Amino acid sequence: MYAATLGGTRYAFADLRSLLARASPARSGDALAGIAAATAEERVAAQMALADLPLKAFLADAVVPYEDDEVTRLILDTHDAAAFAPAAHLTVGGLRDWLLSDAATSETLAALAPGLTPEMVAATSKICRLQDLVAIAAKCRVVTRFRDTIGLPGRLSARLQPNHPTDDPKGVLASIIDGLLLGCGDAVIGINPASDSPGRCRDLLHLLDDLRQRLDIPTQACVLTHVTTTLGLIADGAPVDLVFQSIGGTEAVNHSFGVDLALLCEARDAALALKRGTVGDNVMYFETGQGSALSAGAHHGCDQQTLEARAYAVARSLQPLLVNSVVGFIGPEYLFDGKQIIRAGLEDHFCGKLLGLPMGCDVCYTNHAEADQDDMDTLLTLLGNAGVTFVMGVPGADDIMLNYQSTSFHDVLAVRQLLGRRPARPRPRARRRARCARCGAAARRLARARARRAAPRQRRRRAPHLSRPPRPRPPARRALTRPARFLRARP
């Protein structure tokens, strides 16, 4: 039992699950599930009680029973007590204060991450204002590698999303070239196939791999199909770079996606065996979203933001290259308007970064939500300041296959220019210098050859009188002088 008194009224919360749900900022999904705070006063009282809760309480009271859920077992069985020790004496409010202090540096946060559970960071986010979510997340540094290095300071990557309603190769390639010319695709070139058939996915994988090799693009490609389809493609010898899968925060919601932890581990091992990465071995790409557990009837009475954070424990165990919160994609049933979408996007990024994940965000909304592109501009700018790892690059910000609104190639360029960010680093500096030296020498040889070929043409184009050698100048005539007899002195 948890309780707090506010304005002479005592508010009681039966268990930790109820306390977290009542303390959550307003969400249409929690209201739909019947677990949200009835009034703003009750919400504030729950947040006050949550702020005074010791962090150790989350290790003793699981929001989803240990015996019934493999995600809970993963969280508790892999908890790093040594990493948690520096924060073990803190409350939720104390952790928030420490995270905002100068003592919380990028190095200390990276060391603390294995000791934090998803419920701890979700609870902390519930008592943070937006400014806190941005300031704390901006301190976190999470770096991953496959063919390039993602997440370095001062960088902002973008997934190039060239979806097409019929998977037409020409349409897909046109979108890819457009995005590459505008600096997108350094996180991944990722296609959501219109058809999940293995043959179609294989064709798209070969299309992406041929383009990547032809243009020597230092990035990775991914067809976002089900993990079982990807395993079959790997077995058939398809050029698979990354394994994609949507995941959730409970065993039941993952079963609704057709996966479990064992299957995800099998897929990761299969991708690692291909050894396609050149600078690293992070081979997994996960997508999540608040409301997925509720939509599958697998939420166990927990609020959607806490379950979203629990999905990050699944991702963390598999060392992914990218994790993406598709924040507004599920619809207004779970995030009603622009305000709720903005808050949820910053919370997801905050929780993922504190847990040590390369966190990105699809800044998006569906056409029937109470949101518009101004809301997306606001969230994108806030996430850029918070140090988001990557965002989406969609042609015209309008995905014509999935029918939702996201961010465009130009939006990515605008935020990079505004905040002074650069794309991901393509390759280690030593190799890049060697390659640049070779390219420079080749360019100089090519320039000399072109100059030699152009020289005869230039002589032929000259006027005929300019082609002849210049005439010798005639010798200067001697000045006429009088005969010597005229110069003789007269007697």
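Look up a bit, the structure's there.
Residues numbered from 1 in each chain as written. Predicted model: local features only at pLDDT ≥ 70, side-chain atom pairs only at ≥ 80, totals over all residues. Heavy atoms only, no water.

1. Thoughts on unusual backbone geometry
Thought 1: Phi at Gln319 is positive, roughly 50 degrees, even though this residue is not glycine.
Thought 2: With respect to the element layout, Gln319 can be found in the loop between helix H17 (304–316) and strand E10 (322–326).
Thought 3: Its relative accessible area of 45% is what places Gln319 among the partly exposed residues.
Thought 4: Phi is positive for Asn403, which is not a glycine, with a value near 60 degrees.
Thought 5: Checked against the element boundaries, Asn403 lands in the loop between strand E13 (398–399) and strand E14 (404–405).
Thought 6: Classification of Asn403 as exposed rests on a relative accessible area of 53%. (Helix = DSSP H or I, 4+ residues; strand = E, 2+ residues; numbered from the N terminus. Buried < 20%, exposed > 50% of the residue type's maximum accessible area, 1.4 Å probe, protein only.)

2. So, empty space enclosed by the protein
Thought 1: For the structure shown, the criterion picks out 3 cavities of 30 Å³ or more.
Thought 2: If you add up the space inside the largest cavity, you get close to 110 Å³.
Thought 3: If you go around the largest cavity, you meet 19 residues; those closest to its centre are Gly291, Ser292, Ala293, Gln304 and Leu307.
Thought 4: Of all the elements in the fold, those that place two or more residues in the lining of the largest cavity are helix H2 (28–33), helix H16 (292–295) and H17.
Thought 5: Sort the elements by how many residues they give to the lining of the largest cavity and H17 lands first, with 4 residues. (1 Å grid on protein atoms, 1.4 Å probe; cavity = no way out; pocket = protein on both sides within 12 Å on 5 of 7 lines; lining within 4 Å. Points joined across faces, edges and corners; volume = space filled by probe spheres on them.)

3. Points about the side chain of Asp132
Thought 1: Examined against the element boundaries, Asp132 turns out to sit in helix H10 (residues 130–137).
Thought 2: At a separation of 2.9 Å, a polar atom in the side chain of Asp132 contacts the side chain of Arg96. (Polar contact = N/O pair within 3.5 Å; in protein donor to acceptor, adjacent residues only side chain to side chain.)

4. Observations regarding the layout of surface pockets
Thought 1: In this structure, the largest pocket spans a volume of roughly 510 Å³.
Thought 2: Along its surface, the largest pocket is lined by 25 residues, and Asn192, Phe244, Ser246, Glu287 and Phe329 are the ones closest to its centre.
Thought 3: Contributions of two or more residues to the lining of the largest pocket are made by strand E8 (243–246) and strand E9 (284–288).
Thought 4: With 3 residues, E8 is the single largest residue contributor to the lining of the largest pocket.
Thought 5: Broken down by class, the residue content of the lining of the largest pocket amounts to 11 nonpolar, 10 polar and 4 charged. (Nonpolar A, V, L, I, M, F, W, Y, C, P; charged D, E, K, R; others polar.)

5. A closer look at the side chain of Asp348
Thought 1: Within the element layout of this structure, Asp348 appears in helix H18 (residues 338–354).
Thought 2: Polar side-chain contacts of Asp348 include one of 2.9 Å to the side chain of Gln290.
Thought 3: Each residue touching Asp348, except ones within four places of it in the same chain, is listed here: Gln290, Glu308, Tyr312, Ser325, Val327 and Met359. (Contact = heavy atoms within 4.5 Å.)

6. Let's talk about a nonpolar patch on the surface
Thought 1: Together, Ile177, Leu181 and Leu215 give the surface a local cluster of nonpolar side chains, amounting to about 300 Å² of exposed area.
Thought 2: Assignment of secondary structure puts Ile177 in helix H11 (residues 169–181). (Patch = residues over 30% accessible without salt bridge, like charges linked within 9 Å, V, L, I, M, F, W, Y side chains within 5 Å. Areas by Shrake-Rupley, 256 points an atom, 1.4 Å probe, with all protein chains shown as cover. Salt bridge = Lys/Arg side-chain N within 4 Å of Asp/Glu carboxyl O.)

7. Section: the pattern of salt bridges
Thought 1: Per the stated rule, a full pass over the model turns up 18 salt bridges.
Thought 2: Of the charged contacts, one joins Arg159 and Glu287 as a salt bridge, the two residues approaching to 3.1 Å between their closest N and O atoms. Here the residue Arg159 occupies a position in strand E5 (residues 157–160), and Glu287 occupies one in strand E9, the gap between them amounting to 128 residues. When sorted by exposure, Arg159 lands in the same class as Glu287, which is buried.
Thought 3: Residue Asp241 is joined to Arg276 by a salt bridge in which the shortest nitrogen-to-oxygen separation is 2.6 Å. Of this pair, Asp241 sits in the loop between helix H13 (227–235) and E8 while Arg276 sits in the loop between helix H15 (261–274) and E9, and the two are 35 residues apart along the sequence.

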